[in-house]
Amino acid sequence: MASIKSEKVYQEMRRDVGKMAPDMRLPSIRSLMRSYGVSQLLIDRTLSRLQEEGLLRRRADGLYSYLPEEADCQAFALITSNWPSTVRMEQQEVLKRRAALRGIRILPFSHPFRSSFRSIKQKENLKAILISPSSPLTAEDIFQIQNSRIPILIINHSYGEMELNFVSSSYYEGGMLAAEYLIRKGHRKLALLFSQPHSWCMNQRSDGFLKMAELLGAEVRVLDVQVRHGEIADEKVYPFLIRFLEKEKPDFSALAALCDCTAKSAICAFAASGYKTPGDISVIGAEGLNASQYFLPPLTSVGVDMELYMDTVLDAAERLIRDPEQKIRLTVPQKVFERASVKTISEETGEKR
């Protein structure tokens, strides 16, 4: 009886896989169990059988319907660290979606946080490699990039002083935009929540904010959460602000956080302490995540247009494929995503409206 059931599931799944488009990811094991009404063991056995027949192909992130080998020539690798990051996940999803419109497949690879991308074994059939470094590049990293037979493009970091190809955005510009926006809204007493580990990019964002505030004559109080590398910033921001608000009444009307997720933690801490956003304290984030429009209130943020950013990355990679000798150093402009977490203060009355 079991063999008859096994054969029935195999025939049904074989038919369904045959109807799938090439290079399409299969649903999860749990979803397949519900669809076919059988146990995980039977699903696993059926999938193994279909793999042996060449109808399925396993990759790092799951099983895919069959893709002819020659199509692999349109594959780009995306190398990142395995540190959980909302920004990285959103970038990856948008990049995959924009690449699919060009007939390009993005193969994600991850390496341990703070270790070198050089631990990733390069596939022979890749057309280009996109690397988002999680730590400063070493001499060995730079040597491998400069001598790679496959075009390599760095994303999210700029290296103007090195012979490296990159597409990035200006963290310094983002910080300046955040300060300028708050001051233009009438806020003259600001707080800068240093809610991330001290790194080159976060320091740049902070420096830009402080410089613009200085130029426009606004006061800034820096609240340094002292997040270390490897710590989850969201989990430190909330108790930090709760303790701060227990001791002091805020002497600022607006707060800028160094990322959207920690801005959300700040809003929650304000609410728990009896302060409304933006009624009592306005909040602006950084990164411009799509998800931040669904915060309560929807978060005003400074970042890049993610689709434009990923299209620029793909354009640059394709240019490198056509001409590996050219130099690519591109900076995608930042913008303000204006939502509901920042209110305007009237200069005449000092009241928010």
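Structure first, text after, so check above.
Quick caveat, the model's predicted, so the values are computed rather than measured. (Residues numbered from 1 in each chain as written. Predicted model: local features only at pLDDT ≥ 70, side-chain atom pairs only at ≥ 80, totals over all residues. Heavy atoms only, no water.)

Peer 1: Help me understand the overall build of the chain in this model?
Peer 2: Tallying secondary structure elements over the chain gives ten helices and 14 strands in all. Along the longest, intermediate and shortest principal axes, the C-alpha atoms of the chain span 80 × 55 × 30 Å. Per-residue burial over the chain gives 48% buried out of 353 residues. The long-range share in the chain, meaning contacts at least 24 apart out of those at least 6 apart in sequence, stands at 71%. Positive and negative side-chain charges of the chain, numbering 48 and 44 respectively, have mean locations separated by a distance of 5 Å. (Helix = DSSP H or I, 4+ residues; strand = E, 2+ residues; numbered from the N terminus. Buried < 20%, exposed > 50% of the residue type's maximum accessible area, 1.4 Å probe, protein only. Contact = heavy atoms within 4.5 Å. Lys, Arg positive; Asp, Glu negative; His and termini not counted. Charge placed at Lys NZ, Arg CZ, Asp CG, Glu CD.)

Peer 1: Explain empty space enclosed by the protein here, please?
Peer 2: Remark: the empty space left among the atoms is shown by a probe the size of a water molecule rolled over them. Taken as a whole, this structure holds three cavities of 30 Å³ or more when the rule is applied. Its boundaries defined by the atoms lining it, the largest cavity holds a volume of some 70 Å³. Lining the largest cavity we find 13 residues, and of these G175, A178, R205, A257 and A286 sit closest to its centre. Of all the secondary-structure elements, those providing two or more residues to the lining of the largest cavity are α6 (171–184), α7 (200–215), β10 (254–257) and β11 (282–287). Looking at the lining of the largest cavity residue by residue, the class counts come to eight nonpolar, four polar and one charged. (1 Å grid on protein atoms, 1.4 Å probe; cavity = no way out; pocket = protein on both sides within 12 Å on 5 of 7 lines; lining within 4 Å. Points joined across faces, edges and corners; volume = space filled by probe spheres on them. Nonpolar A, V, L, I, M, F, W, Y, C, P; charged D, E, K, R; others polar.)

Peer 1: Whenever I open this one, the sheet that holds strand β9 (residues 219–224) confuses me. Can you help?
Peer 2: Two modes of strand pairing occur in sheets, parallel and antiparallel, and in both the strands are linked by backbone hydrogen bonds. Read from one edge to the other, the open sheet built from six strands follows the order β9-β8-β10-β11-β12-β14, with strand pairing classed as mixed. The sheet terminates laterally at β9 and β14 (335–337), the two strands that pair on one side only. Adjacent strand axes in the sheet meet at a mean angle of 25°, parallel and antiparallel pairs treated alike. When β10 meets β11, the two strands line up parallel, connected through three bridges. For A256, the partnering residue across the bridge sits in β11 and is I284. (Pairing = 2+ DSSP bridges. Axes fitted to C-alpha atoms, helices over the stretch in contact; angles between N-to-C directions.)

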